[in-house]
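Observations on the three-dimensional arrangement
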Amino acid sequence: MNILHELWANLKARFSLLPDKDDEATIVQGIRESIEFKGVRVWILICAIFTASLGLNVNSTAVIIGAMLISPLMDPIVGLGLGLGIYDLDLVRKSLRSLLVMALISVLTATLYFTLSPLSLLQSELLARTQPTIYDVLIAFVGGAAGILANASRFKGNILMGVAIATALMPPLCTAGYGLSQGNMSYFLGASYLFTINATFIALSTLIVVRLMHFSPVRFVSTERESRIRHLIIAITLGVSIPSIYSGFLLVRESISEDAANRFVRDQLNTGDRQALDHTLSHRDSLWVLEVPLIGRYVDSLQHDSLQRVMQSYYGLGEARLVLRQSFASRQDSADLELGKRFISRDLYQRQEALLAHQEHERDSLMHELQLLHHQEEELRQIEREFVALVPELKSPRLVGSEVEGRSVVLVLYAEGTAPEGAEAERIASWLSARLGEVSLRYVKL
């Protein structure tokens, strides 16, 4: 028992936050002063917002990180958590006021920038801030805890800079401004929700650490009032986090299904006599649909049903439906071969075999060309989400790289919708050429 008691005492001493705690009055005063939002701090915020908006506009991660390092947005959130932790209602009100004014100025500044900017295309860095999940909650909570620990200890180092980057308060506000400038409320609401998540859980982790470090309360609070405050905090926390939990669940489910689709296409459809050009996994009417454009030997209805049953054995695709897009030539080759085997002379059958062998050789050449274009197709997959946002009229489009008469061509395969025309088509083609080099764009309805 003595050994266990001594071990427990050693563990408590090693993990205790109190020995490294800085002077409490100095900590509180420093945080109180840092939430003052006027003069130079206003202009620093505006400059940081413009910098972050530029980074998001040109898809530059380095510029966005630089903007987050100079942003003062973290200070009022930490002040809010500290005020709640020590029952300093004046500090809570002051922090909330500063935070709301900062957020409003940030959104207005970003809206002004994106309204005036000639670049209005949706970049991946912008799109990433429109769909928050439970992982953003965890990042904000852990990052906020590291931030207040750094503020409250004697050994601050460069932790605060890392916290500013990890919690990413500024990009969501810039993305909300982009949504307003484009009249897209889904982007505005998604980015605003991400900022709300970050602010709420940074403040919550600050509150918890302040309590763990035994900061002295500013005023006495009755047990009844303390209970009401606790219940209010729990309600706000749950209200903010529950939608992100659902989003996280959908993200994980989509990732599992996408991985299963990749394995199914690789194992079952990429064979010696046929090849999948690409595949699209989409969710329609509460059902996953896997669409695969195929080249090579035709898959008849019996083979299709067999592949459907095999696909449902892959975890994540149990209720999915398989849709194969095959050319008429592939169907005709298979039909002619069967006809030759049954009804025509041996000599004609041999010539048909030779013809099919020649066609197989041509298909092998096409496979070689597809492998040469593999690096381009990887880049196409990265920008496909941006293309979906730019051309919402097309349902589940897929971008496939090819080469025609020595020229690079990008095929847009789609099943439903209307392809853009005129000036809109030229704008899309110019955007794609800027991303991939000189390419031609063609729309193919399946």
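Residues numbered from 1 in each chain as written. Predicted model: local features only at pLDDT ≥ 70, side-chain atom pairs only at ≥ 80, totals over all residues. Heavy atoms only, no water.

**Here's the deal with the packing of aromatic side chains**
Taken as a whole, this structure holds five aromatic pairs when the rule is applied. The interplanar angle of 80° and the centroid separation of 5.2 Å between the aromatic rings of F114 and Y178 together place this pair among those described as edge-to-face. In this pair, F114 is assigned in helix α6 (residues 89–116) and Y178 in helix α10 (residues 170–182), connecting sequence segments 64 residues apart. The same class applies to F114 and to Y178, which are both buried. Relative to Y314, the ring of F264 has its centre 5.7 Å away and its plane inclined at 85°; by these criteria the two rings are edge-to-face. Here F264 is found in helix α12 (residues 223–269), whereas its partner Y314 is found in the loop between α13 (301–311) and β4 (321–326), with 50 residues between them in sequence. Pair check on accessibility: F264 and Y314 agree, each one buried. Ring-pair connections join several aromatic residues into one group, and the members of that group are F50, Y113, F114, Y178 and Y187. (Phe/Tyr/Trp six-rings, centres within 6.5 Å; stacked < 30°, edge-to-face > 60°. Helix = DSSP H or I, 4+ residues; strand = E, 2+ residues; numbered from the N terminus. Buried < 20%, exposed > 50% of the residue type's maximum accessible area, 1.4 Å probe, protein only.)

**What about the nonpolar core?**
L82, M170 and F215 are the most contacted members of the largest nonpolar core, which has 61 residues in total. Among the elements that take part in this core, helix α11 (residues 185–212) stands out by supplying 14 residues, more than any other. Apart from the residues within four sequence positions on either side, L82 is in contact with V28, I31, L91, T206, V210 and F215. Within the second largest apolar cluster, 19 residues are counted, among which are A260, A261, W288 and A320. (Core = buried A, V, L, I, M, F, W, Y, C linked by side-chain atoms within 4.5 Å. Contact = heavy atoms within 4.5 Å.)

**Examining helix α8 (residues 134–152)**
Relative to the 27 Å expected for 19 residues at 1.5 Å per residue, α8 spans 27 Å between its end C-alpha atoms, a close match to the ideal helical length. Among the residues of α8, V137, A140, G143, G144, A145, G147, I148, A150 and A152 are the ones counted as buried. (Expected span 1.5 Å × (residues − 1).)

**A word on the pattern of salt bridges**
According to the stated counting rule, one finds nine salt bridges in the structure shown. For the salt bridge of D267 with R266, the shortest nitrogen-to-oxygen distance reads 3.1 Å. (Salt bridge = Lys/Arg side-chain N within 4 Å of Asp/Glu carboxyl O.)

**So, the packing of α12 against α13**
The interhelical angle for the contact between α12 and α13, taken along N-to-C directions, is 140°, at an axis separation of 11 Å. Compared by their axis directions, α12 and α13 come out oblique. The interaxial crossing formed by α12 with α13 has right-handed handedness. In this structure, α12 contributes F264, Q268 and L269 to the contact, and α13 contributes L307, V310 and M311. The residue makeup of the contact of α12 with α13, split by class, is five nonpolar, one polar and no charged. (Axes fitted to C-alpha atoms, helices over the stretch in contact; angles between N-to-C directions. Parallel < 35°, antiparallel > 145°, perpendicular 65-115°, else oblique. Left-handed = near helix turned anticlockwise from the far one by under 90°. Nonpolar A, V, L, I, M, F, W, Y, C, P; charged D, E, K, R; others polar.)

**Let's talk about the environment of R297**
Within the secondary structure, R297 sits in the loop between β3 (287–296) and α13. R297 gets classed as partly exposed once you look at its relative accessible area, which sits at 34%. Separated by 23 residues in the primary sequence, R297 and R274 have C-alpha atoms spaced 5.5 Å apart.

**Here we look at unusual backbone geometry**
In the Ramachandran plot, N59 falls in the positive-phi region, its phi being about 65° despite a non-glycine side chain. N59 sits in the partly exposed class, given a relative accessible area of 25%.

**What to know about the pairing of strand β7 (residues 440–445)**
Direction of pairing for strand β6 (residues 407–414) relative to β7: parallel, over a ladder of six bridges. When the bridges of β7 are listed, L413 appears paired with V444. Taken together, β6, helix α17 (residues 422–436) and β7 constitute a β-α-β crossover, and its handedness is right-handed. (Pairing = 2+ DSSP bridges. Right-handed = clockwise from strand over helix to strand, strands pointing away.)

**Let's talk about the side chain of T280**
Within the secondary structure layout, T280 lies in strand β2 (residues 280–284). We classify T280 as buried; its relative accessible area is 8%. A polar side-chain atom of T280 sits 2.8 Å from a polar atom in the side chain of R398. The contacts of T280, once residues within four sequence positions are left out, are V289, L290, E291, S396 and R398. (Polar contact = N/O pair within 3.5 Å; in protein donor to acceptor, adjacent residues only side chain to side chain.)

**Structural notes on the confidence of the model for the protein**
Residues shown with low pLDDT carry predicted positions that ought not to be read at fine detail. Per-residue confidence for the protein averages 79 on the pLDDT scale, and 85% of its residues sit at or above 70. In the model of the protein, helix α14 (residues 328–343) stands out as the element of lowest mean pLDDT, 46, in contrast to α6, which has the highest, 91. Overall, residues 332–344 carries pLDDT values under 50, and its contacts beyond four positions in sequence, including any with other chains, amount to 14 contacts. (pLDDT = per-residue confidence, 0-100.)

**Some thoughts on a nonpolar patch on the surface**
Among the surface-exposed residues, Y135, L138, L251, V252, I256 and Y315 lie close enough to one another that they form a single nonpolar patch of about 590 Å² accessible area. Of all the elements in the fold, those that place two or more residues in the nonpolar patch are α8 and α12. Here L251 shows up in helix α12. (Patch = residues over 30% accessible without salt bridge, like charges linked within 9 Å, V, L, I, M, F, W, Y side chains within 5 Å. Areas by Shrake-Rupley, 256 points an atom, 1.4 Å probe, with all protein chains shown as cover.)

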